[in-house]
Amino acid sequence: MMRRMNNMWSVVALTACAMTAGAQSVYEGRPATILETSAAKLVIDLGGGSIVDFHMSNDGLNPLRWLGPGHEKLTMRPMAHFLCLDRWGQPSTAEERNGMPYHGEATRVMWREEPTPAARERFAHAEFSAMLPIAGLEVRRTVRLARNAAYFTVSETVTNRNKLGRLYNMVQHPTIGPPFLDETTVVDANAGKGLMQSSSMPNPEEPPVFWPGALKDGQQVDLRRLTSDPIPAVVSFVVDAEYGWVTAVTPSKGLLLGYLWKSSEYPWLNIWRHVDSGKPLARGLEFGTTGLHQPFGILVAKGSIFGRRLLAYLDAGESATRSYAAFLLETPHDFAGVESVAYAQGRIVVRERKQPARELAIETGELF
């Protein structure tokens, strides 16, 4: 009953916001903020804060196309690239009875677009805030879309508004879907040792797997591609380099989507795969503060895996800021996937996975 009432209020709130949106726009019937330059278009949905569209101005193909659970048009819900906060995964049974949703509240509340200073020369930008009432966390987000390239950055500051310190997790959940996603889409990353979420507790990291591999019935599975079998569905890996990166490219579409972040802020990469009617429907390219898909009690008992913590902590009134970058690049139709993504001297350089390797570059200036 509580879930039904929450859904009803979600519809009422989102409808009211759509009707009264002033400076905001309406995107597919929902209140949104739209940033657009000569190079790209970026859309942030205000009914949950998801990034629901990112495409080049000369190509309308949007890789971040996933409608989320239920597909209800006027509800606050996770879609496309959404933020998991204050958790990644399910609440405990008691927390669920008290109204805590899966993946936390960030996608179940209205986001507010804040007033911003005069436009910066190199970027279109917007600022947002949201309050998570059960978790007692506030999140403030700054989005910058480059004017000369299909490239944007996000910086998010989480503040603990509770009178006591608390544990939490924060996971970015970019989700790609059709028509960009198909059987030929290739996902690459600089991940290392990993664990399958389907492995039994209390030691799901035994035996370990190594990117891009996983195990099904003792046989190796290559996670770079997805055809008709999504098993294993969720596999998590640690990132050892200074910057973590993940890319998805569909050569027949001539398009690559990439993400780049500091591994000190987001040490885990979590790969989710979903198939419907034998066809790829969604791939989650998720990076965050945890790599174990369990309620807090289990995370506290486990503590860490592969030397990486499974939880973050904020004292009362304390804040933490994390950032990431995302970009689109046109690719040749015989592009073989990505060997490396590097940032240096104001450029992101993507190197192809074959010899002789081709390189694609994007001018970014300062990264975050």
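What counts as what
- Residues numbered from 1 in each chain as written.
- Predicted model: local features only at pLDDT ≥ 70, side-chain atom pairs only at ≥ 80, totals over all residues.
- Heavy atoms only, no water.
- Helix = DSSP H or I, 4+ residues; strand = E, 2+ residues; numbered from the N terminus.
- Rg over C-alpha atoms; globule rule 2.2 N^0.38 Å.
- Buried < 20%, exposed > 50% of the residue type's maximum accessible area, 1.4 Å probe, protein only.
- Contact = heavy atoms within 4.5 Å.
- Lys, Arg positive; Asp, Glu negative; His and termini not counted.
- Charge placed at Lys NZ, Arg CZ, Asp CG, Glu CD.
- Salt bridge = Lys/Arg side-chain N within 4 Å of Asp/Glu carboxyl O.
- pLDDT = per-residue confidence, 0-100.
- Core = buried A, V, L, I, M, F, W, Y, C linked by side-chain atoms within 4.5 Å.
- Pairing = 2+ DSSP bridges.
- Axes fitted to C-alpha atoms, helices over the stretch in contact; angles between N-to-C directions.

On to the overall build of the chain. A tally of regular secondary structure across the chain gives three helices and 28 strands. Computed over the C-alpha atoms, the radius of gyration of the chain is 20 Å, within 12% of the 21 Å expected from 2.2 N^0.38 for a compact globule of 368 residues. Along the first, second and third principal axes, the C-alpha set of the chain runs to 55 × 50 × 40 Å. In the chain, which comprises 368 residues, the share counted as buried stands at 57%. Put simply, of all contacts in the chain between residues at least 6 apart along the chain, 62% involve residues at least 24 apart. Across the chain, 38 positive and 38 negative side-chain charges occur, with their mean positions spaced 2 Å apart.

Under the counting rule described, the total for this entry stands at 22 salt bridges. Among the salt bridges present, the one from arginine 141 reaches glutamate 156, with a minimum N-O distance of 2.7 Å. With arginine 141 in strand β8 (residues 137-146) and glutamate 156 in strand β9 (residues 151-160), this residue pair connects regions lying 15 residues apart in the sequence. The two residues arginine 141 and glutamate 156 agree in class, both being buried. The shortest N-O distance in the salt bridge between arginine 224 and aspartate 188 comes to 2.6 Å. Remark: aspartate 188 occurs in strand β12 (residues 186-189) and arginine 224 occurs in the loop between β16 (219-222) and β17 (234-238); sequence separation between them is 36 residues. With relative accessibility at 0%, the residue aspartate 188 sits in the buried group.

Here we come to the confidence of the model for the chain. Taken over all residues, the pLDDT of the chain has a mean of 92, while the share at 70 or more is 91%. Across residues 1-5, confidence stays below pLDDT 50; counting only partners more than four residues off in sequence or on other chains, it has four contacts. Within the model, pLDDT remains below 50 along residues 18-23, and this stretch shows three contacts once partners closer than five positions in the same chain are excluded.

Before going further, it helps to examine the nonpolar core. In terms of nonpolar packing, the biggest core is built from 70 residues, with Phe54 and Leu85 touching the most fellow members. Here this core gets five residues from one element, more than from any other, and that element is strand β7 (residues 123-132). By size, the runner-up hydrophobic cluster in this structure holds 20 residues, among which are Trp245, Val249, Ala325 and Val341.

Time to look at the sheet that holds β9. Hydrogen bonds between backbone atoms are what pair the strands of a sheet, whose relative direction is either parallel or antiparallel. Read across the sheet, eight strands follow the order β6-β7-β8-β9-β25-β19-β18-β12 without closing on themselves; strand pairing throughout is antiparallel. Only two strands of the sheet have a single partner each, and these edge strands are β6 (112-114) and β12. Taking each pair of neighbouring strands and ignoring which way they run, the sheet shows an average axis angle of 20 degrees. Direction of pairing for β7 relative to β8: antiparallel, over a ladder of ten bridges. Across the sheet, residue histidine 125 finds its bridge partner in β8, namely arginine 144.

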